[in-house]
Each structure stands twice: as structure tokens, then as C-alpha cells.
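One-letter residues, chain by chain:
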Amino acid sequence: MTHQPGDPPQSSFSAPTFICQIDTAVHNAHAIFGFGWALDRTGIILRGTLHLQFADGRRSSVRLSMERAREDVAAAFPDCPQAAHAGFMFMAGWGEDAPEKAALLFERADGSLQRTALNLFGPTPAANSAERRYLLRRALTHLRQGRIAELIHKALRHMPPRPRPAGENDRQLAAALNGRRCRLVIDHSMGGGANLFRERIVSRWLAGGDTVVLLSFRLAQMVPFIEVHHRANSLVLTLQRLDELIGILARATLTEIFFNCAVSFPRAEEVQQLVLSLKRRLEGRLVVAMHEYFLVCPSPFLLDSQGQFCGVPSMDRCHSCLPVHEDGFVSLAGERSIERWRRMWGEVLEAADEVRCFSESTRYLLARAYPFIAERMTLRPHPIDPLRPVRTSWREQAFLTVGVIGSILQHKGAQVVADLANAIVEAGANIRIVVVGSIDAACPPDVVEQTGPYRRDALPDLVEKHRIDIALLPSICPETFSFVAHEIVSLGLPLLCLDLGAQADLARSQQAGWVSSRQDGPGLLKELIAFDRHLKPLRLKVLI
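Below is a short write-up of the structure.

Calculation rules
- Residues numbered from 1 in each chain as written.
- Predicted model: local features only at pLDDT ≥ 70, side-chain atom pairs only at ≥ 80, totals over all residues.
- Heavy atoms only, no water.
- Helix = DSSP H or I, 4+ residues; strand = E, 2+ residues; numbered from the N terminus.
- Buried < 20%, exposed > 50% of the residue type's maximum accessible area, 1.4 Å probe, protein only.
- Contact = heavy atoms within 4.5 Å.
- Areas by Shrake-Rupley, 256 points an atom, 1.4 Å probe, with all protein chains shown as cover.
- Core = buried A, V, L, I, M, F, W, Y, C linked by side-chain atoms within 4.5 Å.
- Axes fitted to C-alpha atoms, helices over the stretch in contact; angles between N-to-C directions.
- Parallel < 35°, antiparallel > 145°, perpendicular 65-115°, else oblique.
- Nonpolar A, V, L, I, M, F, W, Y, C, P; charged D, E, K, R; others polar.
- Salt bridge = Lys/Arg side-chain N within 4 Å of Asp/Glu carboxyl O.
- Pairing = 2+ DSSP bridges.

### With respect to the overall build of the protein chain
Secondary structure assignment for the protein chain yields 16 helices and 23 strands. Split into buried and exposed, the 544 residues of the protein chain put 54% on the buried side. Considering only intrachain contacts with a sequence separation of at least 6, the fraction spanning at least 24 residues in the protein chain is 66%. Here the protein chain has roughly 24000 Å² of accessible surface; of this, 52% comes from carbon and sulfur atoms.

### Considerations on the nonpolar core
Residues L184, L215 and W345 are the most contacted members of the largest nonpolar core, which totals 73 residues. Among residues more than four places away in sequence, those in contact with L215 are L184, V185, I186, D187, F225, I226, L239, L242, L245, F265 and L274. If you look at the next biggest cluster of nonpolar residues, it comprises 36 residues, including A423, I424, L500 and L525.

### Digging into the packing of helix α12 (residues 414-427) against helix α16 (residues 521-535)
Running from amino to carboxyl end, α12 crosses α16 at an angle of 80°, the nearest separation of the two axes being 8 Å. Of the possible angle classes, the one that applies to α12 and α16 is roughly perpendicular. When α12 is examined against α16, the residues V416, D419, L420, A423, I424 and A427 are found in contact with a partner set consisting of G521, P522, L524 and L525. Residues that form the contact of α12 with α16 fall into these classes: 8 nonpolar, 1 polar and 1 charged.

### Some points on the pattern of salt bridges
For side chains of opposite charge, pairing can occur when their charged atoms come near one another. The final tally for this structure, using the stated rule, is 31 salt bridges. The salt bridge partner of R68 is D440, with a shortest N-O separation of 3.6 Å. Residue R68 is located in strand β5 (residues 65-68), and its partner D440 is located in the loop between β19 (431-439) and β20 (448-450); the two are separated by 372 residues in the primary sequence. Linking R518 and D520 is a salt bridge whose minimum nitrogen-to-oxygen distance equals 2.8 Å. With a relative accessible area of 31%, D520 lands in the partly exposed category. Sharing partners across several salt bridges, the network here consists of E96, R267, E269 and E270.

### Quick word on the sheet that holds strand β23 (residues 513-516)
Strands sit in the order β20-β19-β18-β21-β22-β23 across an open sheet of 6 strands; the sheet is parallel. The outermost strands of the open sheet, each flanked by one partner alone, are β20 and β23. The sheet shows a mean angle of 25° between the axes of neighbouring strands, taken without regard to direction. Taken together, the 9 bridges between strand β18 (residues 400-408) and β19 define a ladder with parallel strand orientation. Each residue of the ladder has a partner; that of I405, found in β19, is V436. Running over the sheet, α16 touches β18, β19, β21 (470-473), β22 (495-498) and β23 and is turned about 160° from β23.

See below:
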């Protein structure tokens, strides 16, 4: 039996053993996005997939992002340990022909499958009601816990200003753009380091008198939109088609196209065509910033179909990987041929006046895919405002405290942390883990503590409060630049990371840095203990 979308969480033991609720499912002509929760009262859900069926008989499947934190479900099912991470999220794209049917399939530990159908013809009133209840419950939880600043931040993310169609705002657009010096920024709207960087440079441009147009895509509404900023004024407008922007920008003097990130835009070829068309017609300077590896592969973190870093291999390996890749971002991108992908984005890189990299690791990996752009690549690491060094008076405590800082999603190493925690339990090691932030993985609560989201300036106090000895950066993808890694170094904390990307470059450059060659739980535990012994060879604590 399957729980119906919109029904409230059931806490009675007479409830069905498998429960699924879809809080929201939104789609446009080419893609779908949604989230909800699923719980097996008698076991564990191993994996979830979104299955699409087309009129011509084709089928495709996309892996769900599972084990996402759900405080509301945990409160409704206090006797079920899996409830705290029962959340899931899905996204998928397709070509011109939309699928006829869609369903979520969940594989249970006993091998059985549970199926929940999706309505592809618009969100149902029940789903809308479920989403409202979910957001209300989260807001009440934040208020009870006194997390007001976090509540405001999340409210702005979930309930952004309602954009209006561009055609209804001709007068305002004319006032903002006609004859003005303008810069265009293309970026996603999912938060993180790329958005932080974008906000900083946009503020600088506005202070210099420029008008700035941001082109982005809002997954929660499945619409492209623009934000037009000029001095203290801003205008938010939806677009029916991306190429509408060409006519809008023709009113202004476009001096720069800043391609910050295009991850999450469905049908990536439309973004590529827009960039080239604007470059040819309006002759603005084109800068491509490498915040991820989307231009190298539709899998933006260079994780292959098995979830492992691929290292930009030969195209023969890409041929066997991309067609079966079940990542949602790969599906949204809408291209499964690595030749067509590289040819498409190679044209953008050839047209670029600058390809801006933030680490040597990025330059190396980008050059593996596009050797011809070496002369256009620049190296410009992000400036970092250092945090105050932490006091270390607790360092001789009997146990070791490992800090994991940030919002730890799957590509940021959530499963690495969970595997390490399970290895600690198995070995009976005198080690605990404090996640300063949150983690999307079920971890043994006796070993792992989560603080919830934090303010950057509060990080030194949190490290001291939880007496963190070593910081672990568990990302399983090569960071193009890691703000968190640099913050860890500025705190004076020893840094342990995997042998990947800019984070490994930084760790190797530090006296108190350690690069692990292993990421499995038992192997990483051994590396962690070896690092601790290296830092304090005369320390008397016994970890195992």
C-alpha cells in the first residue's frame, strides 16, 4: 500500500509499512523537478529511481537524491531511526517528446519494489497542499528552536519574488536598459560558492555604475528568469524562451557576458546557442568561469555512472558511461554524446576572451578535455577573508573530535562520512564526528552530531565549543576551489581530505595537511589515526 500525496504523516503502528509522500512535482515542456519523503517502517530503502516511459517505447531512469534530512518526518515517526533522513529529491529532462508516464520506484532491503505514480500534467491540489504543510512544519520547527536567521534565509530561497512575464514590463525594462552600459551574468540559483562569488562581483559592478542582468533558472518553478539590477532598483521577469534575452539586451550596450555556471538549465544547447548569438551580435567580452566541470561533461562534478571521480578519461570510457548515467543533472542537460557535448562547449571556449580558473587542478583537468584553450586560461584564486584562529586548549582530551564543515550532500562526501562513522562504531574507536552544518546521509547518532546551518563568522566559536581537533573535507569530487578548505586553514585546524582537486592541492601545501589515498570507511579511519599520530607523535590518547 502506498501513502497518497497530500496525506499527513501517519504515526500509528497500524500504518502501512511503506509510506511515500510527494510534496511537490513541477514540470515544463522539457523537464521535471520535485521532492518528498519515503519511509519503510520495517526495513531500509536501498535506492530510489524516477522512471520515465515514452510513446515510442523508450524508457529512461534517473537516480533520486536520497537520505535528505526531514525533521518533520522524524517528529511524526520518533520510533523509526530512518525517518530523520527519509527525504528525497528528483529532477530529469527529456527532448522534444515528453514522457507519457512517470513513476518513482523504491527498492527495499528485502528486494521488493514500491511504485508511486507521478502526475505529468501539472501538480495536483493534494501535492500543493503537502508542500505548504511541509514548509509550515519546517518554519514552526525553526521558530521553536530559535533559528530565526536560518528561517529567513530558507524562506527567501523557497519563496523568491514572483517574476512577471517580460512582455508586461516594457516600460520598466526600457528605463533600466536603454543606452546603458550593461553586463550579463549566467548562473544557477542553487546557492553555494558560485552564487557567493557572483553576488560579490555583481555588487562591485553595480557600485561602478553598471546595469547587471542575471539570467538564471529556478528549479522549484521550472522557469528561466532574469533579474535586472541598476543602482538600488531591480526587476524580476520570467522568459518563455531564452532567446528572448537577445532582443531585451539589444536596448543596452553589452560590455561583458560572464558565464558563471549553467548547471540545472534544462536543454543545455539552448544556453550555448544564446551565449554564441549574444557574443556575435553584441560583441561583448565573454568570460567563462570554471566553478565546476559542466563544460567538460554533463556530469558537472566529474562523477561517473558508479558515483566515482572519472579523471576526464578517454572518450571510449565516456561512451559507455554517459548513456547509462542516472544523475539528475546529466538528465537535465539533455545530451548523452560526449563528442557533441565537447564540440558544443568547445565553440564557447574558443569564443571566450578569458577562461577563468580558480586552481591549478582545474586548469589541468580542463586542458585534458580542451588542450587548445591553454592560452586563454587564467589562474585567479578567490580572495578569502580569513577567520580568527581558534584556541586549542582542549587538544589533549582523551578522544579525537573530527569536524566536517558545511552542507554535506552526496557529491560533497555524505556517504564517506557515514562510512567513516560506521567504521568507528565497528572498531570501537575513541573518535566522534561533529558536522558543523548538515549531512544528507543516515549516520550512527552515538558517533555523529549535527549543529545545523551556521553563520560564517560563528565558525571559530563553534569549533571551540565542540572542541574539534581535525577538520575532514570529504568531497568525492575535485573542487575547483574550496572556500571551506581555505576557511579551515585560516582557523588553524589540521586539514584532512581525499586525493582530489583543489582541496588536495591546498592540503599538500600545508604543514598540518593530510591527503588520504582511501575513502572507504576502514581505510579512511586508518588514515585519520595516522594523521593524528603525525600531528602529535607523543600524544597518549588511545583511539582504538
